[in-house]
Each structure stands twice: as structure tokens, then as C-alpha cells.
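Listed below are the residues making up each chain.
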Amino acid sequence: MKTHADIRKIAGRYNMLPNILWTVVNLAPVYIFCCRHVQPLHFGIILSMKKRILPVLLLAVCTSFNTTRPPKFRVLVLAEAGGHHIRFTEAATVWLNKLAADSGFTVDYIQHTTPIHTNFLRQYRLFIQLDYPPYGWTKAAAEAFEAYITTGKGGWIGFHHATLLGEFDGYPMWPWFSRFMGNIRFKDYIAEFASGRVVVEDQQHPVMRGLPGTFVIEKEEWYTYNRSPRPDVQVIASVDESSYRPDSHKKMGDHPVIWSNPHVKARNVYIFMGHSPGLFDNVHYKMLFRNAVAWAAGEDNAP
């Protein structure tokens, strides 16, 4: 049983004095009612129980506001507002919000780049580009993002659409982003979808912690590029193109699907897989996503 001293200690830890005072003030009318209307015998029983009831009540009040503690860190998610990736984005949002609640960080979502500037990004330890393409950004946003990554102001995770590099929707290709992703340009994709076996190449990388040497992704578009990014990035995993079901002629030969650019200061990882909401039924994909958040946000004590 918690003592009054325990309650004061908990209240101080969570800065809950205002909430305790609120509770006491609201219990005062009950106390007065009992004094005026409850028979003496019954009131005596109530008083005899106060030493047990009051600490429990105050403990409940204090611990119920535990979530008012400052978050460990803040995450910014730039996500598409619509399009054919929206179901993945919706599933990712639900999953990420739960991870944030369980892990003690907060997530802010934006659907366009207008809010992004240098001071805005200072709030965030991690930037997640959740299927948002690398074109159509405002000039200020692009410049702020480049500085954020090159100087290591925070970490970055990019998914799927983040390598749609080229001339799209009337926008030119973003040369810096192409270099960041390994000097690549988008070439084609498997529109009919295919399953594929992902082969882990760098088992020691923190984002691969706990994952097996291979795992299957059941439904993906498997983008191809004008060249493999391997010469300019650290490849973490690739897809075995011979495992495609159904088979496809759209292949690269050397086909990385998870990689990091070691030439910038920010912790960064690109994860190609990110089209189907069914990915959040895949235990290995969820572990990969969770590991990526911890590593890119600097929460894993890895170098």
C-alpha cells in the first residue's frame, strides 16, 4: 500500500501538484455532504477507510497524467495526401502512432513542403519521408532539407516513392537528391506487382537487428533505376530478382532495396518497400521499420 510520502514523491516526479489540488477541491463537497447527511456510524466507517482510499485515489490521479512528461524526441512525417499509395500511408500512420505512444516520442504529420524551413526542422530529431516524392518541394524546403541532412541536424528514413527521381508532373529532377540516393534515376517498375525475397547483405547494421538473413515481401512494384546505387552508398539489403513471383523481365541484375549514404552526416536509410498496407502484417517489415526509427533517431547507442 502506498503511503502519503509515496504519493508526494510520485506527485513531485510528475509535477502533479496542480492535479492533486484539483482533486482535493472537487472532493471537498463530498466530504461536507457526508458531515451533514451521513449517519454517524456510517461516517465513522468512511473515515476509518480514508487512510487506504486517499493514497490509492491520489496515486491514480498522479499516474494517469504520466504521459504529460516531455517526449524523448519529435518526428516529422512528410506523407502524400492521396494517390495510389494512400492506403499504405494510412496503415503506416496507425502503426507509427502506436510505436510513438509505446516508445515515448511524438509524431507530427505534414502533407506538403510549405512549412519546411531551417527553424522548423530544428524541432525534429527524425524526418520520415513516407512515400513522398523528391519533386515539387518549395525552394526553401529543399534548401533546409539539404542542410538538415548534410550537417547531421537529424536523421532520415525514406520509403518507396522517395526514389521517384526524374522529370515528373512538370517538375525537373532534384540533382542533390539523386546524388543523395546514389546517383540514380528512376527507370521502370513492375506494375502488376510481384513477391520477392529480400537478402540481407549487412547483418551487422542496426536496422537489421533481429531480422533473418532473408525474408519475403509478398507484394511490391520493385522499382528499377538507370544504374545500381551500390558504388555510392552502403547497401544493406537487396532483392533476389530470380525469386519474383510471377516472374518479370524488369530487372536490374544488382538490385539494392535498402541502403544508407555514408557521405552525409545524418543517419539515413532508404527502404524501398512501401506500397501495400499489407506490409504491416509482415513481422519482418515492422521490425525493420522499428529498428530504422530507433537508429535514425539516435536511440540505439550505435555509432
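Residues numbered from 1 in each chain as written. Predicted model: local features only at pLDDT ≥ 70, side-chain atom pairs only at ≥ 80, totals over all residues. Heavy atoms only, no water.

1. A short note on the packing of aromatic side chains
How two aromatic rings sit relative to each other is given by the distance of their centres and the angle of their planes. The cut-off we apply is this: Pairing of aromatic rings covers Phe, Tyr and Trp, the last counted by its six-membered ring, and requires centre-to-centre distances within 6.5 Å; plane angles under 30 degrees mean stacked, over 60 mean edge-to-face, and any other angle means tilted. Each helix is a run of H or I in the DSSP string that is no shorter than four residues. Each strand is a run of E no shorter than two, and both are numbered from the N terminus. Throughout this description, buried means an accessible area under 20% of the type-specific maximum (1.4 Å probe, protein chains only), exposed means over 50%, and partly exposed covers the range between.
Using the criterion set out here, one finds 36 aromatic pairs in the structure. Measuring from ring centre to ring centre gives 6.0 Å for Phe 168 and Phe 186, while their planes differ by 65°; the resulting arrangement is edge-to-face. Remark: Phe 186 occurs in strand E5 (residues 186-188) and Phe 168 occurs in the loop between strand E4 (155-159) and helix H7 (175-180); sequence separation between them is 18 residues. Judged by relative accessible area, Phe 186 falls into the buried class, the value being 16%. Taking 4.8 Å as the distance between ring centres and 50° as the angle between the ring planes, the aromatic pair formed by Trp 259 and Tyr 270 counts as tilted. Placement of Trp 259 in strand E10 (residues 256-260) and of Tyr 270 in strand E11 (residues 268-271) is noted, with a sequence separation of 11 residues between them. What makes Trp 259 buried here is its relative accessible area of 0%.

2. Some details on the pairing of strand E2 (residues 106-110)
Note the threshold: DSSP bridges decide pairing: two strands pair if at least two such bridges lie between them. Look down the strands so they point away from you; if going from the first strand over the helix to the second traces a clockwise path, that crossover is right-handed.
Where strand E1 (residues 74-79) lies against E2, 5 bridges are found, and the strand directions are parallel. When the sheet's bridge partners are listed, Leu 76 is paired in E2 with Asp 108. Handedness of the crossover joining E1 and E2 through helix H4 (residues 86-103) is recorded here as right-handed.

3. Observations concerning the pattern of salt bridges
Heads up, the condition is: Every case where a carboxyl oxygen of Asp or Glu lies within 4 Å of a side-chain nitrogen of Lys or Arg is listed as a salt bridge.
What the rule picks out here adds up to 11 salt bridges. Between Arg 185 and Glu 167 there is a salt bridge whose closest N-O contact spans 2.8 Å. You can see Arg 185 sitting in the loop between H7 and E5 and its partner Glu 167 sitting in the loop between E4 and H7, a full 18 residues away along the chain. A salt bridge links Asp 254 to Arg 230; the nearest nitrogen and oxygen atoms lie 2.8 Å apart. Remark: Arg 230 occurs in the loop between strand E8 (224-225) and strand E9 (234-245) and Asp 254 occurs in the loop between E9 and E10; sequence separation between them is 24 residues. For Asp 254, a relative accessible area of 29% gives the class partly exposed.

4. Things to note about the confidence of the model for the protein
Put simply, the rule reads: Across the chain, each position has a pLDDT score giving the predictor's confidence in that residue, from 0 to 100. Only heavy atoms enter the contact rule, under which two residues are in contact if any of them lie within 4.5 Å.
For the protein, the average pLDDT comes to 85, and 77% of its residues sit at 70 or higher. For residues 27-31, every residue scores under 50 in pLDDT, and the model assigns this stretch 2 contacts once sequence neighbours within four places are set aside. Here residues 56-67 is a poorly scored stretch, pLDDT under 50, and it has 19 contacts once near neighbours within four places are set aside; other chains count.

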